[in-house]
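One letter stands for each residue in the lines below.
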Amino acid sequence: MTYAITQTCCNDATCVAVCPVNCIHPTPQEREFGSTEMLHIDPATCIDCGACADACPVDAIFPVDSLSPAQAGYAAVNAAYFADKEPLEAPPGPNFHSWGAPTFERSLPSDFAPIRVAVVGTGPAGMYAAEDLLLHTDAEVTLVDRLPVAGGLVRYGVAPDHPATKKVGDTFARFHTHPRVRVRLGVEVGKDVTAEELAAHHDAVVYAVGAGADRRLGVPGEELPGSVSATAFVSWYNAHPESAPDAIDLTGAERVVVVGNGNVALDVARILVMDPETLAGTDIADHALAALRGSRVREVVLLGRRGPEDAAYTASELRALTHLPGVRLVVDDHDPRTGAAIDGAGPGEKAALLRDVARETVDWSRSPGADRRIVLRFHSAPVAMTGEDAVRGARVTEGTGEHEIPAGLVLRAIGYRGLPVPGLPFDEATGTVPHERGRVVGMPGTYVVGWIKRGPSGGIGANRTCAAETVGTLLADAVAGALPAASRTPQAFRRLVRRRGAQVVDARGLAAIDRAERARGHATGRPRVKLTTVAALVATARRARLRLPD
């Protein structure tokens, strides 16, 4: 029985490397890699060995005969990818896999002195870069993060009802105690230490600081209470220490409007209307769970400026929405272009997934019904947020006119934007740091990776390829003698940040936080209960008894 890749595919291609029969595509060497939403297993060549399932960091691969009803469609999705493709010619000899000649693109000569590299940011981009350095070279790596806990987007961006996706964090966590790694969390570049000081203590610095700001709509009323960024909402339900427990008020909202139709928009819509008891077994913040239990929200409206054929969400996330227990999915039929796009979509096209979804011309003057539902409204954009002291609705385009949708909360989910890093150049137009294959322009020894490098595009796995490019550039510079030599030691760096008042958390402190959160979760039947403030995280780290070497 063949295997199939399902919804939680992260696209980092770990599975490709272990497949003995080359049945997983597209591979990183193929043109389509990075442009497809997920990887696929060819049922005609899969030999049912299970190596890919064992290697998958996010538990996305299962035997076809064990797929749940919600996942059953992925058997056809995997097969359809190969339907019109010519089969690859089987290589001769006993080894099924068409292995190429070994290459060592990211390595240093065996007699090369170890380089010291600081990686700023412990999300997927930073950890893929650190992993690359540790596995391919004998580099010494300092992990730096402004928060006193590691994880970045995996910890604070992935929805709590996607525990399989969060498992990639376990893969990264094994490097926190690597003998050539020093962990320095709770250190902010530009506040506790300058970029110049960080560079002086390391041969190279890789910035993986992501895109921490949200994009603005630029419409009247956007600043009203009740008009909130999806970024803030996600941080709130994921227990980000910089998000207050009362940052989101759900008490007065029966209907919520979400501007945008990407995966983040689908995440927040799903969390708002799903059964809170389903979330009770996850690592969702306690304050968010309590608010959702008391919430009156019964309807979420997703606004898409374009049609269903151009929706930004992935097909896998939309499929999951159609199987959400107790929640109806509805397409607002206000614009004839919507139905025409759905009915005319070909097999495999995103709009075709909505063919079996109910279509209604919604009467917005009526309050939401008793049932919970998500309404997809295409060809509609916000013109203004309405209300005086707080949001009371959103005025949106409808055909050649406008219409108001009453709502007690409006969330904008139209993308992220990078923020300037003190001491580094910054392109205001793109929200990124100017670079050449990861090398920061005009700053020898300084590199970028992830969203601050390429903009807010691509999921977790996309950072693996991005990190490979940046690390390759860094190592080429090292061999060429282009890295400025560090003038201070790593120990001096730790003393420096402590003198500046930074509440530094090291590897043993990070392990203590993990133990404490898992213990709190175990007491309530949950994977973990996160500590929600910087003070609590630091205090827990300081109570660590086991000391790891510096």
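Quick note: structure is the one above.
Residues numbered from 1 in each chain as written. Predicted model: local features only at pLDDT ≥ 70, side-chain atom pairs only at ≥ 80, totals over all residues. Heavy atoms only, no water.

A. Layout of the pattern of salt bridges. By the definition in use, this model includes 41 salt bridges. Arginine 518 is the salt-bridge partner of aspartate 514, the closest N and O atoms lying 3.1 Å from each other. With aspartate 514 and arginine 518 both in helix α18 (residues 507-522) and four residues apart, this pair spans about one turn of that helix. Residue aspartate 514 is classed as partly exposed on the basis of its relative accessible area of 27%. In this structure, a network of salt bridges that share partners links the residues Arg155, Asp170, Asp514, Glu517, Arg518 and Arg528. (Salt bridge = Lys/Arg side-chain N within 4 Å of Asp/Glu carboxyl O. Helix = DSSP H or I, 4+ residues; strand = E, 2+ residues; numbered from the N terminus. Buried < 20%, exposed > 50% of the residue type's maximum accessible area, 1.4 Å probe, protein only.)

B. Molecular detail of helix α3 (residues 73-81). By the burial criterion, the buried members of α3 are Tyr74, Val77, Asn78 and Tyr81. The buried residues of α3 occupy an angular sector of 95° when projected down its axis, which confines them to one face. Exposed side chains of α3 directed beyond 90 degrees from the buried face belong to Ala76 and Ala80. The secondary structure elements touched by the buried residues of α3 are β1 (3-5), β2 (24-25), β3 (40-41) and α13 (315-322). (Arc of directions from axis to C-beta. Contact = heavy atoms within 4.5 Å.)

C. Geometry of the sheet that holds strand β17 (residues 393-398). The strand order across the open sheet formed by three strands is β16-β17-β18, and the pairing between neighbours is antiparallel. Single-partner strands in this sheet number two, and they are β16 (382-386) and β18 (401-406). The mean inter-strand angle of the sheet, taken between neighbouring strand axes irrespective of direction, is 25°. Relative to β17, β16 runs antiparallel, the two being bridged by four bridges. Residue pairing across strands places threonine 386 opposite glycine 393, the latter belonging to β17. (Pairing = 2+ DSSP bridges. Axes fitted to C-alpha atoms, helices over the stretch in contact; angles between N-to-C directions.)

D. Quick peek at the packing of helix α4 (residues 124-136) against helix α16 (residues 462-479). Put simply, α4 and α16 touch, their axes get as near as 8 Å, and they point 50° apart. One element, α4, and the other, α16, form an angle in the oblique class. α16 is crossed by α4, and the crossing has right-handed handedness. Residues Pro124, Ala125, Tyr128, Ala129, Asp132 and Leu133 of α4 touch α16, and the partners they reach there are Asn463, Arg464, Ala467, Ala468, Val471 and Leu475. Of the residues that constitute the contact of α4 with α16, the class distribution is nine nonpolar, one polar and two charged. (Parallel < 35°, antiparallel > 145°, perpendicular 65-115°, else oblique. Left-handed = near helix turned anticlockwise from the far one by under 90°. Nonpolar A, V, L, I, M, F, W, Y, C, P; charged D, E, K, R; others polar.)

E. Fine view of unusual backbone geometry. In this model, histidine 25 is joined to proline 26 through a cis peptide bond whose omega is -5°. Looking at where proline 26 falls in the secondary structure, it is placed in the loop between β2 and β3. Within the chain, alanine 239 stands out as a residue other than glycine whose phi angle is a positive 65°. Relative to the helices and strands, alanine 239 is located in the loop between α9 (230-237) and β11 (255-259). Residue arginine 437 is not a glycine yet carries a positive backbone phi of 50°. If you trace the backbone, arginine 437 turns up in the loop between β21 (435-436) and β22 (439-440). Its relative accessible area of 54% is what places arginine 437 among the exposed residues.

F. Here's a closer look at the packing of aromatic side chains. Enumeration over the complete set of coordinates arrives at five aromatic pairs. Look at tyrosine 81 and phenylalanine 82: their rings are 5.1 Å apart centre to centre, the planes differ by 85°, and that puts the pair in the edge-to-face class. Between phenylalanine 233 and tyrosine 237, the aromatic rings sit 5.4 Å apart at their centres with planes inclined by 90°, giving edge-to-face as the arrangement. With phenylalanine 233 and tyrosine 237 both in helix α9 and four residues apart, this pair spans about one turn of that helix. Neither residue differs from the other here; phenylalanine 233 and tyrosine 237 are each classed as buried. Following the ring pairs from residue to residue traces out a cluster consisting of Phe233, Trp236 and Tyr237. Sitting above the plane of the tyrosine 74 ring, arginine 319 keeps its charged end 5.5 Å from the centroid. (Phe/Tyr/Trp six-rings, centres within 6.5 Å; stacked < 30°, edge-to-face > 60°. Lys NZ or Arg CZ within 6 Å of the ring centre and 35° of its normal.)

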